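Listed below, chain by chain, are the residues.
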Amino acid sequence: MFPFTDGQKRRLLELGAAPSACEAEFEDAAASDRRFKALEKELVSASKRRLGDLREGSRRPALLVLQSEVECALREEGFVQVSTPVILAKRMLERMSIGDGHALSSQVFWLEDDRCLRPMLAPNLYSVSTDLMRIWEKPIRIFEIGPCFRKESQGNRHLNEFTMCNLVEWGTPEEARADRLRQLARVVMSAAGIDGCDLEETDSEVYGPSLDVVWRGMELASGNIGPHFLDANWGIRSTWVGLGFGLERLLMARQKTNNIHSVGKSLSYLDGVRLRIN
Ligand code: ATP
Ligand code: MG
């Protein structure tokens, strides 16, 4: 039997073919070539149609649509959206216990003057929360959606630049925390249109015992409940529940694709459509 060549498979996947379509086998090399050319043509036409929809304005890139949907769902749930700087001082990471020698420290993109590109949103959310707690009664609910940066050994599930959605609710009644964490996970998963997730107890390098939202073996989010020993670094004494989602991972689950590069910020893809199609 004659399968597609590796080069043909790569091209078909780039153009958005379903992985199963690339595993077909044929009676001879000519049949395999004919099928490749036909499939390539179909996928190029579909790609051009999708780009046309963007141009006409009937579509927006899926990552931005997902972001709006999650923002809307969290605001309806009473969360206040915040927007904080991407550049983070080293001391803010140290207050998260991420000092030199910590596993995550080697993944940080350092800038000059002891500053870095934020690898997470939590330190900024701690900082804003500390101030809000002096002004507002609890419960206090805030979230941010924005870029985070980590040096990763690549692969299909990690980007150096990805979009985190981090939410925290301060003052959740102690006995309700575990249920509330699950409920908030469901709010975001349902806004993202994703069914069939599992909640798994794990151990985070930063927070210790955590609850992960997992879809077909892929981590979509990590959640925690507090009080937590890190809270003392911010002078906070409160119960809380919090979750951090990767929007690109949510999009992979929603679109059932296994290539994070096609759904993330990219120069090669526009809304998942490969730009080199001609
Ligand atoms: P993983 O074990 O998959 O590398 P993590 O546990 O290090 O993830 P967290 O710190 O828990 O990640 O971040 C919260 C969420 O952000 C993750 O569940 C994931 O959806 C997303 N995320 C983390 N790192 C990346 C990355 N490099 N690229 C894309 N998404 C990421
Ligand atoms: Mg995690």
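All of the points below concern the structure found in this document. (Residues numbered from 1 in each chain as written. Chains lettered and ligands numbered in written order. Predicted model: local features only at pLDDT ≥ 70, side-chain atom pairs only at ≥ 80, totals over all residues. Heavy atoms only, no water.)

Focus: the nonpolar core
1) Next: In terms of nonpolar packing, the biggest core is built from 41 residues, with Leu74, Leu167, Leu220, Phe245 and Leu250 touching the most fellow members.
2) Next: For this core, the leading source of residues is helix H6 (residues 177-191), giving seven residues.
3) Next: Among the nonpolar cores identified, the runner-up in size contains 24 residues, and Leu88, Met96, Leu132 and Tyr207 belong to it. (Core = buried A, V, L, I, M, F, W, Y, C linked by side-chain atoms within 4.5 Å. Buried < 20%, exposed > 50% of the residue type's maximum accessible area, 1.4 Å probe, protein only. Helix = DSSP H or I, 4+ residues; strand = E, 2+ residues; numbered from the N terminus.)

What about the coordination of the magnesium ion (ligand 2)?
1) Next: Around the magnesium ion (ligand 2), the protein supplies Glu219 (OE) and Ser222 (OG) as donor atoms, at distances of 2.2 to 2.3 Å.
2) Next: Given a relative accessible area of 34%, glutamate 219 falls into the partly exposed group. (Donors = N, O, S within 2.8 Å, 3.2 Å for Na, K, Ca; no water.)

Details of the environment of cysteine 165
1) Next: Structurally, the position occupied by cysteine 165 is in strand E7 (residues 161-170).
2) Next: Looking at cysteine 165, the relative accessible area reads 0%, which means it is buried.
3) Next: Note: C-alpha distance between cysteine 165 and alanine 221 (56 residues apart in sequence) is 9.1 Å.
4) Next: In contact with cysteine 165, not counting residues within four places along its chain, are Val70, Leu74, Glu144, Ile145, Leu243, Gly244, Phe245 and Leu247. (Contact = heavy atoms within 4.5 Å.)

Details of the side chain of serine 238
1) Next: Positionally, serine 238 belongs in the loop between strand E10 (218-226) and strand E11 (240-246).
2) Next: Judged by relative accessible area, which is 7%, serine 238 ranks as buried.
3) Next: A polar contact is formed between the side chain of serine 238 and the side chain of lysine 138, at a distance of 3.4 Å.
4) Next: From its side chain, serine 238 meets the backbone nitrogen of glycine 171 in a polar contact 3.4 Å long. (Polar contact = N/O pair within 3.5 Å; in protein donor to acceptor, adjacent residues only side chain to side chain.)

Quick look at the side chain of arginine 11
1) Next: By the secondary structure assignment, arginine 11 is in helix H1 (residues 6-14).
2) Next: Looking at arginine 11, its side chain comes within polar contact range of the side chain of glutamate 40, at 2.9 Å.
3) Next: Of the polar contacts made by the side chain of arginine 11, one reaches the backbone oxygen of arginine 276; its length is 3.2 Å.
4) Next: In contact with arginine 11, other than residues within four places in its own chain, are Phe36, Glu40, Val44, Arg276 and Ile277.

Focus on the sheet that holds E7
1) Next: What the seven strands build is an open sheet, ordered E3-E6-E7-E11-E10-E9-E8; its pairing is mixed. Of all the strands in the sheet, just strand E3 (80-81) and strand E8 (198-204) have a single pairing partner and so form its edges.
2) Next: The pairing of strand E9 (residues 208-215) with E10 spans five bridges and is classified as antiparallel. Counted as the bridge partner of aspartate 212 is serine 222 from E10.
3) Next: Across the sheet, H6 lies against strand E6 (140-149), E7, E8, E9, E10 and E11, angled at about 30 degrees from E11, the strand it touches most.
4) Next: Along the sheet face, helix H7 (residues 247-255) touches E6, E7, E9, E10 and E11 and points at about 130 degrees away from the line of E10. (Pairing = 2+ DSSP bridges. Axes fitted to C-alpha atoms, helices over the stretch in contact; angles between N-to-C directions.)

So, the packing of aromatic side chains
1) Next: Tallied over the full model, the rule gives five aromatic pairs.
2) Next: Consider the rings of tyrosine 126 and tryptophan 170, whose centres lie 6.0 Å apart with planes at 50 degrees: the pair is tilted. Taken together, the positions of tyrosine 126 in helix H5 (residues 122-135) and tryptophan 170 in strand E7 put the pair 44 residues apart, joining distant regions of the chain.
3) Next: Aromatic side chains tyrosine 126 and tryptophan 234 sit 5.0 Å apart centroid to centroid with 0 degrees between the ring planes, which places their arrangement in the stacked category. With tyrosine 126 in helix H5 and tryptophan 234 in the loop between E10 and E11, this residue pair connects regions lying 108 residues apart in the sequence.
4) Next: Since its relative accessible area comes to 4%, tyrosine 126 is described here as buried. (Phe/Tyr/Trp six-rings, centres within 6.5 Å; stacked < 30°, edge-to-face > 60°.)

Quick notes on the environment of tyrosine 269
1) Next: Secondary-structure assignment places tyrosine 269 in strand E12 (residues 269-270).
2) Next: Along the primary structure tyrosine 269 and glutamate 14 are separated by 255 residues, whereas in three dimensions their C-alpha atoms are 9.1 Å apart.
3) Next: Apart from the residues within four sequence positions on either side, tyrosine 269 is in contact with Glu14, Asn259, His261, Ser262, Arg274 and Leu275.

Considerations on the layout of surface pockets
1) Next: Empty space within the largest pocket amounts to approximately 950 Å³.
2) Next: Residue lining of the largest pocket: 40 residues in total, with Arg150, Met164, Glu219, Ser222 and Gly244 positioned closest to the centre.
3) Next: Listed by contribution, the elements that provide at least two residues to the lining of the largest pocket are H5, E7, E8, E10, E11 and H7.
4) Next: Residues that form the lining of the largest pocket fall into these classes: 19 nonpolar, 12 polar and nine charged.
5) Next: Of the volumes computed, that of the second largest pocket is approximately 550 Å³.
6) Next: Residue lining of the second largest pocket: 23 residues in total, with Leu13, Gly16, Ala17, Thr257 and Ser262 positioned closest to the centre. (1 Å grid on protein atoms, 1.4 Å probe; cavity = no way out; pocket = protein on both sides within 12 Å on 5 of 7 lines; lining within 4 Å. Points joined across faces, edges and corners; volume = space filled by probe spheres on them. Nonpolar A, V, L, I, M, F, W, Y, C, P; charged D, E, K, R; others polar.)

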